[in-house]
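Coordinate inspection notes
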Amino acid sequence: NPKLTYKKSLTQFLCDSATINRRTNIVEAFGNIHINDNDSIHTYAQYLRYVGNERMAYLKKNVRLTDKKGTLYTDDLDYNMRTGIATYKNGGRIVNEKTILTSRDGVYYADTKDVYFKNNVHLKDPDRNIHTDSLLYNLKTNIATFIAKTQIIGKDGSVTNTNAGTYNLTTGEAIFTDGASFSDSTHSASAKIMAFDKKSNTLQMQGNVKFVDSVNRLIVLSGEAFADLT
């Protein structure tokens, strides 16, 4: 079939076939759909129902939304092109260079490059695996923000549990602000607040600190502590 093209303001729709209701301003499209939204966001799917008056695109089957920072994959996506907000509720994943995030539900904000993941969230990159129920992630800064009970498993086998905090996945700098515990092959620690620096491999703790060094048979109980984990 010849490729069909439909333009609406700065948005261009391409597909294999389509029906257009001029009275209701609704487009239903089939096959190899490509939405070019102002040359900044490109969305692909096999089925589209577009409600022009609301600028809402309902996409199904092999859906892919990509911008300059990452790509969202799902089979069922609602994309509000007026607000730049895309939502999936039946499973999806976002790939940002070497970082892969999956969840059952997700909301993508095109303007800020923020993504809110919810239900069975898994973040994986070469250095760590993160499991949680809710997570905020920014595609531009590569910073993950924890808002629920979270477990971080490092490539080195270390395990961190926390309830809140931020983690810069590029620099390896993290701060956990609502109670955290940490363990590796030779150390274990717990505190109300923890800050970790991957480059220097240091751990800073504050509030009800307990630090155990099993190699040196050392136990520290204090209000504040600083540890070199090398």
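Computed from a predicted model, the values in this text were never measured in an experiment.

A separate point is the overall build of the protein. Across its full length, the protein holds zero helices and 23 strands. Over its C-alpha atoms the protein spans a radius of gyration of 22 Å, topping by over 25% the 17 Å that the globule rule assigns to 230 residues. Along the first, second and third principal axes, the C-alpha set of the protein runs to 75 × 25 × 25 Å. A burial count over the protein gives 43% of its 230 residues as buried. Considering only residue pairs separated by 6 or more positions, the protein has 27% of its internal contacts joining residues 24 or more positions apart. For the protein, the distance from the average site of its 29 positive side-chain charges to the average site of its 24 negative ones is 6 Å.

A separate point is unusual backbone geometry. Residues other than glycine seldom take positive phi values, yet Glu97 does so here, at roughly 55°. You can see Glu97 is positioned in the loop between β9 (92–96) and β10 (99–103). Exposure remark for Glu97: the relative accessible area of 76% places this residue in the exposed category. Unlike most non-glycine residues, Asn208 shows phi in positive territory, near 50°.

Let us look at the layout of surface pockets. Estimated volume of the largest pocket: approximately 380 Å³. Lining the largest pocket are 20 residues; nearest its centre among them are Gly154, Asp156, Ser158, Tyr167 and Phe196. Looking at the lining of the largest pocket, the elements that each hand over two or more residues are β15 (150–154) and β21 (193–197). Tallied by class, the residues present in the lining of the largest pocket amount to eight nonpolar, six polar and six charged. Roughly 200 Å³ of volume is contained in the second largest pocket. Lining of the second largest pocket is provided by Asn96, Glu97, Lys98, Thr99, Asp125, Pro126, Asp127, Lys140, Thr141, Asn142, Leu169 and Thr170. Grouping the constituent residues of the lining of the second largest pocket by class yields two nonpolar, five polar and five charged.

Across all of its chains, the model carries seven salt bridges by this definition. For Arg55, the salt bridge goes to Asp37, with nearest N and O atoms at 4.0 Å. Remark: Asp37 occurs in strand β4 (residues 26–37) and Arg55 occurs in the loop between β5 (41–51) and β6 (56–66); sequence separation between them is 18 residues. Look at Asp37 and you get buried, because its relative accessible area is 12%. Here Lys155 makes a salt bridge to Asp127, at a shortest N to O gap of 3.6 Å. Residue Lys155 is found in the loop between β15 and β16 (159–162), and its partner Asp127 is found in the loop between β12 (114–125) and β13 (128–138); the two are separated by 28 residues along the sequence.

This structure, assessed with the given rule, holds five aromatic pairs. Chaining the aromatic ring pairs together yields one cluster made of Phe146, Tyr167 and Phe176. In this arrangement the basic side chain of Arg64 is found over the ring face of Tyr44, its NZ or CZ atom lying 4.2 Å from the centre. Over the ring of Tyr73 we find Arg93, and its NZ or CZ is 4.2 Å from the ring centre.

Okay, the pairing of β16 next. Of the two faces of β16, the one holding Thr160 and Thr162 is buried and the one holding Val159 and Asn161 is not buried anywhere. Note: β15 against β16, four bridges, orientation antiparallel. Its bridge partner being in β16, Gln151 is matched across the sheet by Asn161. Connecting the antiparallel pair β15 and β16 is a turn made up of four residues, with Gly157 showing a positive phi of about 95°. The pairing of β16 with strand β19 (residues 180–183) spans four bridges and is antiparallel.

A separate point is the environment of Ala148. Within the secondary structure, Ala148 sits in the loop between β14 (143–146) and β15. Judged by its relative accessible area of 19%, Ala148 is buried. Residues Ala148 and Asn163, spaced 15 residues apart in sequence, show a C-alpha to C-alpha distance of 5.1 Å.

Right, let's get into the environment of Gly207. Structurally, the position occupied by Gly207 is in strand β22 (residues 202–213). For Gly207 and Ala191, which are 16 residues apart along the polypeptide, the C-alpha to C-alpha distance reads 5.5 Å. Ignoring anything within four residues of it in the chain, the contact list for Gly207 reads Ala191, Lys192 and Gly223.

Take the nonpolar core next. If you look at the biggest cluster of nonpolar residues, it comprises 52 residues, and the most contacted ones within it are Leu48, Leu59, Phe117, Met194 and Met205. Each residue touching Met194, except ones within four places of it in the same chain, is listed here: Ala174, Ile175, Phe176, Ala180, Ser181, Phe182, Ala189, Leu203, Gln204 and Met205.

Rules used in this analysis
- Residues numbered from 1 in each chain as written.
- Predicted model: local features only at pLDDT ≥ 70, side-chain atom pairs only at ≥ 80, totals over all residues.
- Heavy atoms only, no water.
- Helix = DSSP H or I, 4+ residues; strand = E, 2+ residues; numbered from the N terminus.
- Rg over C-alpha atoms; globule rule 2.2 N^0.38 Å.
- Buried < 20%, exposed > 50% of the residue type's maximum accessible area, 1.4 Å probe, protein only.
- Contact = heavy atoms within 4.5 Å.
- Lys, Arg positive; Asp, Glu negative; His and termini not counted.
- Charge placed at Lys NZ, Arg CZ, Asp CG, Glu CD.
- 1 Å grid on protein atoms, 1.4 Å probe; cavity = no way out; pocket = protein on both sides within 12 Å on 5 of 7 lines; lining within 4 Å.
- Points joined across faces, edges and corners; volume = space filled by probe spheres on them.
- Nonpolar A, V, L, I, M, F, W, Y, C, P; charged D, E, K, R; others polar.
- Salt bridge = Lys/Arg side-chain N within 4 Å of Asp/Glu carboxyl O.
- Phe/Tyr/Trp six-rings, centres within 6.5 Å; stacked < 30°, edge-to-face > 60°.
- Lys NZ or Arg CZ within 6 Å of the ring centre and 35° of its normal.
- Pairing = 2+ DSSP bridges.
- Core = buried A, V, L, I, M, F, W, Y, C linked by side-chain atoms within 4.5 Å.

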